[in-house]
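What the coordinates show
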Amino acid sequence: MSPWRKLITLAPDLAAKVRAMRPPKLRVVADGRVLYWALAVPSEEDLEAHAAWPGQNAPSLEAWLVERLAFLEEGWPEVKEVELIGVWAGAPPRLEPIARARVKRREEVGA
């Protein structure tokens, strides 16, 4: 299972953790490369209001996380590790890990 899929399956727990931590932004790092420096975390009220319009399908923080992770998975399907990091303003910004998922290496079978 890809690290993206692992995080997507954990979306309810991720959403709960993001709600509890309340980071204004998320940083997404894949295989040590930053894919998003500061992805703004929308409020749940904004998500609900936005979802009221036709074609908008992320009425919750959980759905928004799944949508963003699936989008990133399309662009970087082969990554081995993905990290989500909370970002708060400051100089330097405050960074706190939220989640990390990685592909487990398969053990080699001896001949």
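Structure report, in brief. (Residues numbered from 1 in each chain as written. Predicted model: local features only at pLDDT ≥ 70, side-chain atom pairs only at ≥ 80, totals over all residues. Heavy atoms only, no water.)

Thoughts on empty space enclosed by the protein
Unoccupied space between atoms shows up once a probe the size of one water molecule is rolled over them. Across all of its chains, the model carries one cavity of 30 Å³ or more by this definition. For the lining of the largest cavity, the secondary-structure elements that each account for two or more residues are β1 (25–30) and α4 (61–75). If one sorts the elements of the lining of the largest cavity by residue count, α4 sits on top with five residues. Split by residue class, the lining of the largest cavity holds eight nonpolar, no polar and one charged. (1 Å grid on protein atoms, 1.4 Å probe; cavity = no way out; pocket = protein on both sides within 12 Å on 5 of 7 lines; lining within 4 Å. Points joined across faces, edges and corners; volume = space filled by probe spheres on them. Helix = DSSP H or I, 4+ residues; strand = E, 2+ residues; numbered from the N terminus. Nonpolar A, V, L, I, M, F, W, Y, C, P; charged D, E, K, R; others polar.)

Overview of the pattern of salt bridges
As enumerated under the stated definition, the model contains five salt bridges in all. The closest approach of N and O atoms between E73 and R5, which form a salt bridge, is 2.5 Å. In this pair, E73 is assigned in helix α4 and R5 in helix α1 (residues 3–9), connecting sequence segments 68 residues apart. For E73, a relative accessible area of 16% gives the class buried. A relative accessible area of 36% means that R5 is categorised as partly exposed. (Salt bridge = Lys/Arg side-chain N within 4 Å of Asp/Glu carboxyl O. Buried < 20%, exposed > 50% of the residue type's maximum accessible area, 1.4 Å probe, protein only.)

Brief notes about the packing of aromatic side chains
Across all of its chains, the model carries zero aromatic pairs by this definition. R94 extends its terminal NZ or CZ atom over the ring of W88, reaching a point 3.9 Å from the ring centre. (Phe/Tyr/Trp six-rings, centres within 6.5 Å; stacked < 30°, edge-to-face > 60°. Lys NZ or Arg CZ within 6 Å of the ring centre and 35° of its normal.)

Quick notes on the pairing of strand β2 (residues 33–40)
Here β1 runs beside β2; their pairing, made up of five bridges, is antiparallel. Paired with V28 across the strands is Y36, a residue of β2. (Pairing = 2+ DSSP bridges.)

Re the sheet that holds β1
Across the sheet, which stays open at both edges, the four strands sit in the order β2-β1-β3-β4 with antiparallel pairing between neighbours. With partners counted over all chains shown, the strands left at the sheet margins are β2 and β4 (94–102), one partner each. Ignoring strand direction, the axes of neighbouring strands in this sheet form an average angle of 20°. Note: β1 against strand β3 (residues 81–88), six bridges, orientation antiparallel. Across the sheet, the residue bridging to A30 is V82, located in β3. Helix-sheet contacts for α4 involve β1, β2 and β3, and the interaxial angle to β2 is about 150°. (Axes fitted to C-alpha atoms, helices over the stretch in contact; angles between N-to-C directions. Contact = heavy atoms within 4.5 Å.)

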